[in-house]
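Chain by chain, the residues:
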Amino acid sequence: MRKPAKVPSPRLTVPPESDLSPKQRDLLADIRQTRGPGPLGGPFAVFLQAPEYGDLAQKLGAFCRYRTSVRPALSEFTILVLARFWRSQYEFWVHAPIAEKAGVKAATIQALRIGRVPRLTADQRAIYDFVAELHKTKRVADPTYRRVHALFGDAGMVEFVGIVGYYTLVAMTLNVFRVKLPDGERYPFAEPARSARR
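Because the structure is a prediction, the values reported are computed rather than measured.

**Q** Sorry, what's going on with helix α3 (residues 51-66) here?
**A** Since the α-helix packs 3.6 residues into each turn, any two residues three or four apart lie on the same face. Look at α3: 22 Å from first C-alpha to last across 16 residues, which is about the 22 Å you get at 1.5 Å a residue. Within α3, the full set of buried residues consists of Pro 51, Gly 54, Asp 55, Ala 57, Gln 58, Gly 61, Ala 62 and Cys 64. Close packing links the buried residues of α3 with α1 (22-35), α2 (42-47), α4 (72-86) and α8 (142-176).

**Q** Help me out: how do you make sense of the packing of α4 against helix α5 (residues 89-102) in this one?
**A** Between two packed helices, what matters for the description is the angle formed by their axes and the separation of those axes. As a packed pair, α4 and α5 sit with axes 9 Å apart at the nearest point and diverge in direction by 155°. Of the possible angle classes, the one that applies to α4 and α5 is roughly antiparallel. Like other packed secondary-structure pairs, α4 and α5 cross with a definite hand, here left-handed. Two secondary-structure elements touch here, α4 through Pro 72, Ala 73, Glu 76, Ile 79, Leu 80, Leu 82, Ala 83 and Arg 84 and α5 through Glu 91, Phe 92, His 95, Ala 96, Ile 98, Ala 99 and Ala 102. Within the contact of α4 with α5, the residues separate by chemical class into 11 nonpolar, 1 polar and 3 charged.

**Q** Whenever I open this one, the packing of aromatic side chains confuses me. Can you help?
**A** Both the distance between ring centres and the angle between the ring planes are used here to describe each pair of aromatic rings. Going through the model one piece at a time under the given rule, you end up with 8 aromatic pairs. Aromatic side chains Phe 47 and Tyr 53 sit 5.9 Å apart centroid to centroid with 85° between the ring planes, which places their arrangement in the edge-to-face category. Residue Tyr 53 is classed as partly exposed on the basis of its relative accessible area, which comes to 42%. With a centroid separation of 4.9 Å and an interplanar angle of 85°, the aromatic rings of Tyr 166 and Tyr 167 are classed as edge-to-face. Taken as a pair, Tyr 166 and Tyr 167 share a single burial class, namely buried.

**Q** Which parts of the structure should I look at to understand the pattern of salt bridges?
**A** Side chains that differ in charge, positive against negative, can pair when their charged atoms come close. Across all of its chains, the model carries 7 salt bridges by this definition. For Glu 76, the salt bridge goes to Arg 65, with nearest N and O atoms at 3.6 Å. Of the two residues, Glu 76 sits in helix α4 while Arg 65 sits in helix α3, which places them 11 residues apart along the sequence. Here Glu 76 falls in the buried class, since its relative accessible area comes to 4%. Here the salt bridges do not stand alone but share partners, grouping Arg 125, Asp 129 and Arg 147 into one network.

Rules of the game
- Residues numbered from 1 in each chain as written.
- Predicted model: local features only at pLDDT ≥ 70, side-chain atom pairs only at ≥ 80, totals over all residues.
- Heavy atoms only, no water.
- Helix = DSSP H or I, 4+ residues; strand = E, 2+ residues; numbered from the N terminus.
- Expected span 1.5 Å × (residues − 1).
- Buried < 20%, exposed > 50% of the residue type's maximum accessible area, 1.4 Å probe, protein only.
- Contact = heavy atoms within 4.5 Å.
- Axes fitted to C-alpha atoms, helices over the stretch in contact; angles between N-to-C directions.
- Parallel < 35°, antiparallel > 145°, perpendicular 65-115°, else oblique.
- Left-handed = near helix turned anticlockwise from the far one by under 90°.
- Nonpolar A, V, L, I, M, F, W, Y, C, P; charged D, E, K, R; others polar.
- Phe/Tyr/Trp six-rings, centres within 6.5 Å; stacked < 30°, edge-to-face > 60°.
- Salt bridge = Lys/Arg side-chain N within 4 Å of Asp/Glu carboxyl O.

Right, dumping it as structure tokens:
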């Protein structure tokens, strides 16, 4: 049985809606128009602290999530790979059920969660190798690039790299500000041990 993650305290709090500035209210309205009503969580609660930046970030996110030419099954698989590499709890928790609904196998999602390289389709393997190589070497070799380019073409390749970049931004945001899951939810990963201050 998986032990619950020991999660450090969040670094930011979500202000009550009654305390929001006009710019924060506008941002909140835009977020809810795009993503639906409900309590504000995840990166959007962080974006609210800096509403001008947050507005640009969430608009890029809406495009990367809903409007690229990358089909949802591959887009969501990409997000899960990034979430695993960054050990981004909230990102993986949110996107795992979305990915499964889009067509990513439950066994693939589970293997990613526990840190194993899953059995992948050829398209998934091309994406996994691309993201892994980019994160490890900060570059992508020609053969790796060509395999993904064959899936998406020039315009789609730009959008795909945009997805990688945006959801890396989201993972960093969630990790730095220690964004928690809703109460009662199970964290996908164990939290890494915190090193002593130097």
